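In case you want the letters, here they are:
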Amino acid sequence: MSQSLTLVPGQVNLAELCQIYRESVEISLDRQCKQRVDAATDIVRRAAAAGPAVYGINTGFGKLASTRIPSEQTEQLQRNLILSHCCGVGERLADEVVRLIMVLKMISLGRGASGVRWELLERLETFLNIDLIPVVPSQGSVGASGDLAPLAHLTAAIIGEGKVIFQGETMPAAKALETAGLEPIILGPKEGLGMINGTQVSTALALTGLFDAWTMAQTALISGAMSTDALMGSTAPFRPEIHQLRGLTGQIDSAISLRALLEGSVIRESHREDDERVQDPYSLRCQPQVMGACIDQLRQAARTLEIEANAVTDNPIVVVEDGSILSGGNFHAEPVAFAADQCAMVISEIGSITERRIATTVDPAQNYGLPAFLTPNPGLNSGFMIAEVTSAALMAENKQRSMPCSVDSTPTSANQEDHVSMACHGARRLGPMNQNLATIIAIEILISTQGIELRTPITTSPALQRVMQKLRSKVAPLGDDRYLADDIAVATNMVKDCIFVDALENESMLPALS
């Protein structure tokens, strides 16, 4: 790990979270938060030893909250909680997602309102820095009362149960702890509950979906500008006067980017006069309006998720100032569910407008003089005919996946938890949706690059030429038909790895998330 980050609970920003997601970073928690963590722990310890019932400390859980638990059974209570809640199913979450979950749990516990010992936070920090990754199944949370099942699997590793990934192998957690020279932690009062109550799994999945969606949005502005030139579209709809009169920030920013990306295009100048077309299709002309709305939605989701990433979301909450322990509902992930739904709609819409530009570019009736399917010899060759069909198929999948998850609910836990957010799977779907969108955008870049090259000797802008050069360093122009799946896969990976964004060499050409 070449870089390190010190995180201040309550003040962690999106840039830091994105760095943790994308890079191997050594993590430490600001030690100034320890005093408050210890104070909350003392309050819980006193409550556990006293007489009055306090939820989750000397009672059962959920529907069993009215059952009193003797103080001598506190440790067994917390251990049983973790083991009984390890009911996750499905494929395991990716390592980078689990790392982010552990970071978010550290941040939340570090606020000093959960009543867990500092030892637990140190153990999470150690797991991160020795790259010991709990195996966390991806399914089983309804996003209320916290992400109970997946967080139980994470916590199981701390107590020496379940499985982990360590030193490149999947192994029992107990073996990994022994190998690393660590003892399983025996959970104290409220510590099991503090670990599994919380929205950290939903939030981590939503954050990774957001970060990848932002890369997609930036790259779609590039690919959209390329299609505009390949189709000899007009830049008049991007003029600032239009967008200032509407006043929406994302729309204004999108128009600025499109103008910058197309600045200096010889293709654009070649058809300013004597072009019989009056207006371009909406997928070209309305890019600032559509992409701007998407950018505004992602920025709103980002604000919500940055707050949630720093939040205390377990229950009950310890108020250090007056020593009270309050039962509430911060574990309900409705804000995260809404943010995930926003991201899903954005991903779907970007794919929708991108696919329409792809279809227009390969259509000889609409592409303003380019050959059918952009092959030099149509008929004998099919060119990009089925690449466009693939983009349509992926676009349709994303449309179906974009239906809101937050409007669904079902009662659980014998009706005690009678309204839930469905945030976890609402956020989890963003991963495959972004994968689909990356491929749609990659196909547009392949096709628009071919279209621009077919306009030779006139050329596109210097900025877009740099993007084309990056593509051509990996993918050759399409002459006679060839096996295209590999080209699409290469271009897709380039989209995901920000290669085309980085090719601009000027980050101010594209909008910033915050």
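Structure: see above.
The present account deals with the structure reproduced in this document. (Residues numbered from 1 in each chain as written. Predicted model: local features only at pLDDT ≥ 70, side-chain atom pairs only at ≥ 80, totals over all residues. Heavy atoms only, no water.)

### Section: the overall build of the protein chain
Piece 1. The secondary structure content of the protein chain amounts to 21 helices and nine strands.
Piece 2. Dimensions of the protein chain along its principal axes, counting C-alpha atoms only, are 90 × 50 × 40 Å.
Piece 3. Within the span of the protein chain, comprising 514 residues, buried residues form 56% of the whole.
Piece 4. The long-range fraction of contacts in the protein chain, counting pairs at least 24 apart against all pairs at least 6 apart in sequence, stands at 78%. (Helix = DSSP H or I, 4+ residues; strand = E, 2+ residues; numbered from the N terminus. Buried < 20%, exposed > 50% of the residue type's maximum accessible area, 1.4 Å probe, protein only. Contact = heavy atoms within 4.5 Å.)

### A short note on the pattern of salt bridges
Piece 1. Scanning the entire structure with this criterion turns up 20 salt bridges.
Piece 2. The salt bridge partner of glutamate 191 is arginine 117, with a shortest N-O separation of 2.7 Å. On the criterion of sequence distance, the pair formed by glutamate 191 in helix α8 (residues 191-196) and arginine 117 in the loop between α4 (95-109) and α5 (118-129) is long-range, its members being 74 residues apart.
Piece 3. Looking at glutamate 191, the relative accessible area reads 1%, which means it is buried.
Piece 4. Arginine 117 sits in the partly exposed class, given a relative accessible area of 25%.
Piece 5. One salt-bridge network, held together by shared partners, links Arg117, Glu119 and Glu191. (Salt bridge = Lys/Arg side-chain N within 4 Å of Asp/Glu carboxyl O.)

### Quick look at the pairing of strand β6 (residues 163-166)
Within a regular strand, side chains alternate between the sheet's two faces.
Piece 1. Strand direction decides the pairing type here: strand β4 (residues 133-134) and β6, joined by two bridges, are antiparallel. Within the sheet, the bridge partner assigned to isoleucine 133 lies in β6 and is isoleucine 165. (Pairing = 2+ DSSP bridges.)

### Here's the deal with unusual backbone geometry
Piece 1. The residue after asparagine 315, namely proline 316, is reached through a cis peptide bond having omega 0 degrees.
Piece 2. Relative to the assigned elements, proline 316 resides in the loop between α14 (287-309) and β8 (317-319).
Piece 3. Look at the link from threonine 456 to proline 457: it is a cis peptide, with omega at 20 degrees.
Piece 4. Among the structural elements, proline 457 can be located in the loop between α18 (430-453) and α19 (462-472).
Piece 5. With a phi angle near 60 degrees, serine 145 is a residue other than glycine that sits in the positive phi range.
Piece 6. Looking at the element boundaries, serine 145 is found in the loop between β5 (137-139) and α6 (148-158).
Piece 7. If you check the backbone angles, methionine 232 has positive phi at about 55 degrees while not being a glycine.
Piece 8. Of note, methionine 232 is situated in the loop between α9 (200-230) and α10 (240-246).
Piece 9. Taking relative accessible area as the criterion, methionine 232 reaches 10% and is therefore assigned buried.

### Focus: a nonpolar patch on the surface
Piece 1. Residues Met385, Ile386 and Val389 make up a contiguous nonpolar surface patch of roughly 240 Å² in combined accessible area.
Piece 2. Here methionine 385 is to be found in helix α16 (residues 385-401). (Patch = residues over 30% accessible without salt bridge, like charges linked within 9 Å, V, L, I, M, F, W, Y side chains within 5 Å. Areas by Shrake-Rupley, 256 points an atom, 1.4 Å probe, with all protein chains shown as cover.)

### Description of the sheet that holds β6
Piece 1. Strand order across the open sheet formed by three strands is β4-β6-β7, with antiparallel pairing between neighbours. Strand pairing shows two members of the sheet lacking a second neighbour, β4 and β7 (169-172), which therefore form its edges.

### A closer look at the environment of proline 137
Piece 1. Among the structural elements, proline 137 can be located in strand β5.
Piece 2. Taking relative accessible area as the criterion, proline 137 reaches 9% and is therefore assigned buried.
Piece 3. C-alpha of proline 137 to C-alpha of leucine 177: the two residues are 40 residues apart in sequence and 20 Å apart in space.
Piece 4. Beyond its immediate chain neighbours, meaning those up to four positions away, proline 137 contacts Gly88, Val89, Gly90, Glu91, Arg92, Leu93, Pro150 and His153.

### Here's the deal with the environment of threonine 456
Piece 1. Locating threonine 456 in the fold gives a position in the loop between α18 and α19.
Piece 2. Each C-alpha atom, one on threonine 456 and one on valine 8, is 54 Å from the other, the two residues being 448 residues apart in sequence.
Piece 3. Only 2.5 Å separates the side chain of threonine 456 from the backbone oxygen of glutamate 453, close enough to count as a polar contact. (Polar contact = N/O pair within 3.5 Å; in protein donor to acceptor, adjacent residues only side chain to side chain.)

### A closer look at helix α11 (residues 249-262)
Piece 1. Here α11 contains 14 residues, and its C-alpha end-to-end distance of 20 Å stays within 8% of the 20 Å for a straight helix at 1.5 Å per residue.
Piece 2. Across the 14 residues of α11, 10 count as buried, placing the element largely inside the fold.
Piece 3. Within α11, burial applies to Gly250, Gln251, Ile252, Asp253, Ser254, Ala255, Ser257, Leu258, Leu261 and Leu262.
Piece 4. Backbone geometry just downstream of α11 places glycine 264 in the positive-phi region, at approximately 90 degrees. (Expected span 1.5 Å × (residues − 1).)

### Concerning the packing of α4 against α9
Piece 1. Closest axis-to-axis distance for the α4/α9 pair is 9 Å, and the angle between their directions is 125 degrees. As the angle between them shows, α4 and α9 are arranged oblique. When you trace α4 past α9, the crossing you get is right-handed. In contact with Val97, Leu100, Ile101, Leu104, Lys105 and Ser108 of α4, α9 contributes Gln200, Val201, Thr203, Ala204, Leu205, Leu207 and Thr208. (Axes fitted to C-alpha atoms, helices over the stretch in contact; angles between N-to-C directions. Parallel < 35°, antiparallel > 145°, perpendicular 65-115°, else oblique. Left-handed = near helix turned anticlockwise from the far one by under 90°.)

### Here's the deal with the pairing of β7
Piece 1. Pairing between β6 and β7: four bridges, direction antiparallel. Paired with isoleucine 165 across the bridge in β7 is threonine 170.
Piece 2. In textbook terms, the turn of a hairpin is the stretch between consecutive antiparallel strands, and for β6 and β7 this stretch comprises two residues, one of which, glutamine 167, has a positive phi near 55 degrees.

### Description of the side chain of glutamine 450
Piece 1. As for its position among the elements, glutamine 450 is in helix α18.
Piece 2. Setting aside residues up to four positions removed in sequence, glutamine 450 forms contacts with Leu374, Phe384, Arg472, Pro477 and Leu478.

### Let's talk about α18
Side chains that are three or four residues apart share a direction in an α-helix, a result of its 3.6 residues per turn.
Piece 1. Its 24 residues give α18 an end-to-end C-alpha distance of 34 Å, which sits within 8% of 34 Å, the value for a rise of 1.5 Å per residue.
Piece 2. Judged by how many residues are buried, α18 sits mostly within the fold: 20 of 24 residues are covered.

### Structural notes on the environment of histidine 85
Piece 1. Along the chain, the position of histidine 85 falls in helix α3 (residues 74-85).
Piece 2. With relative accessibility at 23%, the residue histidine 85 sits in the partly exposed group.
Piece 3. Counting along the chain gives 67 residues from histidine 85 to alanine 152, while the straight-line C-alpha distance between them is 5.8 Å.
Piece 4. Discounting residues that sit within four places of it in the chain, histidine 85 has contacts with Leu148, Ala149, Ala152 and Ile196.

Nothing here speaks to function; it is all geometry.
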